[in-house]
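Structural characterization, general
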Protein chains: 2
Amino acid sequence: MPAANPILIPELRVMLAEGDTAGLREVAEELHPATVAEFSEGLDDRELWQMLDAMAVERQAEVFPYYPMARQVELVKAGDRPHLGALLEWMAADNRDDLLRELDPEFVEDILPLVAKAERHDIRMLLSCPEGSAGSLMTTEYASLPADITAGEAITRLRSQAPDSESIYYIYVLDPERKLVGFVSLRDLILARPTALVADLMQRDVIAVRVDEPSEKVVDALARFDFIAIPVVDDQRRLVGIVTHDDVLDAVRQDATDDAQRIAAIAPLGESYLEAAIISMTWKRGVWLAILFATAALTAMVLAKSPITHAWLIAFIPLVIASGGNSGNQSATLVITALSTGDCKLSDWPRILRREFALGLLLGGLLAVPGYLLALVYAPSPMHALVIPITILCVVMLGTLVGSGLPLLFRSIGLDPALMSNPFVSAVVDIVGIVLYTGISVLLLG
Amino acid sequence: MPAANPILIPELRVMLAEGDTAGLREVAEELHPATVAEFSEGLDDRELWQMLDAMAVERQAEVFPYYPMARQVELVKAGDRPHLGALLEWMAADNRDDLLRELDPEFVEDILPLVAKAERHDIRMLLSCPEGSAGSLMTTEYASLPADITAGEAITRLRSQAPDSESIYYIYVLDPERKLVGFVSLRDLILARPTALVADLMQRDVIAVRVDEPSEKVVDALARFDFIAIPVVDDQRRLVGIVTHDDVLDAVRQDATDDAQRIAAIAPLGESYLEAAIISMTWKRGVWLAILFATAALTAMVLAKSPITHAWLIAFIPLVIASGGNSGNQSATLVITALSTGDCKLSDWPRILRREFALGLLLGGLLAVPGYLLALVYAPSPMHALVIPITILCVVMLGTLVGSGLPLLFRSIGLDPALMSNPFVSAVVDIVGIVLYTGISVLLLG
């Protein structure tokens, strides 16, 4: 059940051509900013600026961040400077920060003088937080209060802070040095007697993240404690910003997509699949395909030296190495996702390896049975056919142990498990698989 | 910067042994419920119930849902009935629903009479929503108001609704038939003149989901519009519940993990990796390994019929089929994640296939070069060696087209693309790859 009465591009074009500013403004005020952005996305840059100009600047600044990032950048470059200055001044600090990070640093320096001085300070502070840190997700627009006022006074003060705050549902209580000493929810303030002191209402056990901690910390804390927002502090525990639930949700979705892409041996696109340029996709996929190719070339070299010459043994090569690769891929994915969601920690490694050993034994044993039956069809004798189930059992166990062990190893030396595991798992499992297959054949068949 | 002064199990045990109810209660009231659950998780069931009993029942009901689900079930089974009744009555409706869904239906019927009648109605309604529907994520505890009262009256009424509402930051405006006509944020109410009418303050363009729509709709709407909660309505547009941001965040994380597991050919565990029983993991991995094994067996049968006998051509078999498999895996993962995050739609299929055709050409061309160089080392002549680059180009293009095409095909016939694609991509690419390799060898070398 989406928003009512969506408006269509042709209707919009008629309003724009007629200069129907009042009509455009009404449409833009009535609908959710995300809906306004969605239905107007099909306009060209000039038309879109004309539509934005019909709105009050506050509304413009609400709608603008809902365009896809590539379009925002295009619009900024096409916009004239007085418009840009006003827009940037009114945009929420975190959305503005996301946009400015996508622009040329020189272009940013060029347009910064258009923005009021106080805002410029905030912009520089946020831009200075490294990508992937808690600081890069936060906004500086939070609501704060001192501890020594009453609930009634607090609500009065909030009325003046509300227009400039991203969220007023949690209010952070600061001491005179701006250190975070507690927080109170708007719900608690509304429920309290108006004469109750904030100091008595507030919760002192505040969960906060440090501005330089990785953004995963923010995600984990917010997911664990079900907060609407989480405060970000500096190393003196002074409040510098908040990260709100909507930005965390976006970050979680982006992280999950990045992880899935890394597991499939793709350097994360970092943008929408259909928007990514073919040439950058070729690079992001090609570099990992090349690494995988190099490991496959090693497999070919090992196989070229293998004394396996019976046609029926050759026919089973892909089946044998695929069994190891598939079980290894399963183990690697399970361990990588469990590490990244916090379901297991590096210190759980003995338990993980024990589990994967048991699973390798069970899964390898299960696959060995149909493997033996199939081999009986092609092998010259039941004794010869035994090579296949024995190899399958060994290779599946190899797969589960290498697949679970490598992500743990990479994590322990500080590398991203998702980034490195897949090519190495396949390299190790394929090559050792061929060696095992050859060895077992020679041992059993001479 | 986690919560301050975490308490340790030995200290807790001392307090429990001494019957220090006041001390336990103080600890439980001071910390965030998630923290209380975390530090007390190590107690055994009897001790844990003793600790829970030291708290007020409201607090108990807040802490309880933060234990892992398996522990909650264990505690419910170990708890005595008067305790259970009180706990279930005070728990938030959505957390209670999650718990009851994990219990035996007979056990649920057995304990339902312990709960007050009004709550029982809510419980039955929520339990009747199918798993994976918007209704299964929602809670019935929302704040609502009529349109014809003033902002001042609204705040007074909210004070009485607040203790029973999951969130009072969005208040839904209902007509006398409980149909959803608008919503107003607490922020707007606080900012408004106390004499302003709710009807004039509310936004009428309410985005809602229907109770029987899939939960992905809820996630997409909340992510797109940055809401704290989204209303759920029946087919008459009567409000039946809300889904809050924290439950959506959990659902997103779970969905992403499920998808990653499906892409790696694992039936989603649906629980933490370390908590899953070995036997259920064996089944969830084994069933897909068996399907992949069957496709590999087909490859073996095709290969057994292949007239390829030159040792050097045999050595290149794994390399050639791995190139197709890897590029196919990349394409499938990109399309599956793009479909599931809404980055692309089924109707984009011509664009997707065009892109993947171009990428197949580029990536295949890039890999053909080192393929040829490697083949020159082993092949009897440069003419013979040409088999390898030509096959690589064809197989990589096959991989990108099959890898992107199959998820689209599965989606178009209503199947989950993540569930089915991987085994089929590898089956098609491996088998067709061997056929192509054989064909190209025979064509070029006779």
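All values reported here derive from a predicted model rather than from experimental measurement.

**Description of the overall build of chain A**
Along chain A, the regular secondary structure elements total 23 helices and 6 strands. Here the C-alpha radius of gyration of chain A, 30 Å, is well above what a compact globule of 446 residues would show, namely 22 Å. Summarising its shape, the C-alpha atoms of chain A cover approximately 90 × 60 × 45 Å along the three principal directions. Sorting the 446 residues of chain A into buried and exposed places 47% on the buried side. Counted over contacts in chain A with a minimum sequence separation of 6, partners at least 24 positions apart contribute 71%.

**Some remarks on the confidence of the model for chain A**
Residue and element names in this part refer to chain A. When the pLDDT values of chain A are averaged, the result is 88; 98% of them are 70 or greater. Note on residues 1-5: pLDDT under 50 across the span, and 11 contacts to partners over four residues away in sequence or across chains. Predicted as a complex, the structure gets a pTM of 0.82 and an ipTM equal to 0.81.

**Remarks on the environment of isoleucine 336 of chain A**
Residues and elements named next belong to chain A. Counting through the fold element by element, isoleucine 336 comes out in helix α19 (residues 317-341). Here isoleucine 336 falls in the buried class, since 29 other C-beta atoms lie within 10 Å of it. It is 40 Å that separates the C-alpha atoms of isoleucine 336 and leucine 445, two residues lying 109 residues apart in sequence.

**Quick notes on the interface of chain B and chain A**
With 96 residues of chain B at the contact, the number on the chain A side is 96 residues. Per element, the largest residue contribution to the side of chain B that touches chain A is 15 residues, and it comes from helix α19 (residues 317-341) of chain B. Tallied by class, residues from the side of chain B that touches chain A come to 63 nonpolar, 16 polar and 17 charged.

**Re the sheet that holds strand β3 (residues 180-185) of chain B**
Residues and elements named next belong to chain B. One open sheet accounts for 3 strands, arranged β1-β2-β3; its pairing is mixed. Two strands lie at the open edges of the sheet, namely β1 (142-145) and β3, each paired on one side alone. Put simply, the sheet's adjacent strands are angled 35° from each other on average, direction ignored. As paired elements, strand β2 (residues 167-174) and β3 share 5 bridges and run antiparallel to each other. Looking at the pairing, tyrosine 170 lines up with serine 185 of β3.

**Comments concerning the nonpolar core**
Ile230 of chain A together with Ile230 of chain B are the most contacted members of the largest nonpolar core, which has 277 residues in total. Residues in contact with isoleucine 230 of chain A, not counting those within four places in the same chain, are Ile207, Ala208, Val209, Val218, Ala221, Leu222, Ile242 and Val243 of chain A.

**Comments concerning helix α1 (residues 9-17) of chain A**
Residues and elements named next belong to chain A. Here α1 has its buried residues at Leu12, Met15 and Leu16. Down the axis of α1, the buried side of the element spans an arc of 100°, and every buried residue falls inside it. Across from the buried face of α1, at angles greater than 90 degrees, the exposed residues are Pro10, Val14 and Ala17. The inward-facing, buried residues of α1 abut α2 (21-30), α3 (33-40) and α4 (45-54). Phi for glycine 19, located one or two positions after α1, is positive at around 65°.

**A closer look at the relation of the copies chain B and chain A**
Least-squares fitting of chain B to chain A yields an RMSD of 0.1 Å, with the superposition described by an axial translation of 0.0 Å and a rotation of 180°. Here the transformation between the copies is reduced to the relation of a two-fold axis. A high fraction, 100%, of the interface residues of chain B reappear at the interface in chain A, so the copies pair face to face through one surface.

**Some points on the domain arrangement of chain A**
Interface size is often expressed as the accessible area that is lost when the parts come together. Per the domain assignment, the segments of chain A are domain 1 (9-128), domain 2 (142-252) and domain 3 (278-445). Put simply, the middle of domain 1 of chain A and the middle of domain 2 of chain A, counted by C-alpha atoms, are 29 Å apart.

**Focus: the packing of α19 of chain A against helix α16 (residues 245-263) of chain B**
Closest axis-to-axis distance for the α19 of chain A/α16 of chain B pair is 10 Å, and the angle between their directions is 165°. Considering their axes alone, α19 of chain A and α16 of chain B lie roughly antiparallel with respect to each other. Read as a crossing pair, α19 of chain A and α16 of chain B show a hand that is right-handed. Between α19 of chain A and α16 of chain B, the contacting residues are Thr333, Leu334, Thr337 and Thr341 of chain A on the first element and Arg253, Thr257, Ala260 and Gln261 of chain B on the second. Split by residue class, the contact of α19 of chain A with α16 of chain B holds 2 nonpolar, 5 polar and 1 charged.

**Comments concerning unusual backbone geometry**
Backbone geometry places aspartate 226 of chain A, a non-glycine residue, at a positive phi of 55°. Along the polypeptide, aspartate 226 of chain A turns up in the loop between α15 (215-225) and β5 (229-233).

**Overview of the environment of isoleucine 111 of chain A**
Residues and elements named next belong to chain A. Tracing the backbone shows isoleucine 111 in helix α9 (residues 105-111). By the C-beta count within 10 Å, which is 16 here, isoleucine 111 ends up partly exposed. A sequence separation of 277 residues divides isoleucine 111 from isoleucine 388, and the C-alpha atoms of the two residues are 69 Å apart.

**Here's the deal with the sheet that holds strand β3 (residues 180-185) of chain A**
Residues and elements named next belong to chain A. The strand order across the open sheet built from 3 strands is β1-β2-β3, with neighbouring strands paired in mixed fashion. Each edge of the open sheet carries a strand with a single partner, namely β1 (142-145) and β3. The sheet shows a mean angle of 35° between the axes of neighbouring strands, taken without regard to direction. Alignment of β1 against strand β2 (residues 167-174), held across 3 bridges, turns out to be parallel. Bridging from a neighbouring strand, tyrosine 142 pairs with serine 167 of β2. Relative to β1, helix α12 (residues 151-161) is tilted by about 150°, and along the sheet it contacts β1 and β2.

Calculation criteria
- Residues numbered from 1 in each chain as written.
- Chains lettered and ligands numbered in written order.
- Predicted model: local features only at pLDDT ≥ 70, side-chain atom pairs only at ≥ 80, totals over all residues.
- Helix = DSSP H or I, 4+ residues; strand = E, 2+ residues; numbered from the N terminus.
- Rg over C-alpha atoms; globule rule 2.2 N^0.38 Å.
- Buried ≥ 20, exposed ≤ 12 C-beta atoms within 10 Å, placed from the backbone.
- Contact = placed C-beta atoms within 7 Å.
- pLDDT = per-residue confidence, 0-100.
- Nonpolar A, V, L, I, M, F, W, Y, C, P; charged D, E, K, R; others polar.
- Pairing = 2+ DSSP bridges.
- Axes fitted to C-alpha atoms, helices over the stretch in contact; angles between N-to-C directions.
- Core = buried A, V, L, I, M, F, W, Y, C linked by C-beta atoms within 7 Å.
- Arc of directions from axis to C-beta.
- Least-squares fit on C-alpha atoms with pLDDT ≥ 70 in both.
- Domains from an automatic or database assignment.
- Parallel < 35°, antiparallel > 145°, perpendicular 65-115°, else oblique.
- Left-handed = near helix turned anticlockwise from the far one by under 90°.

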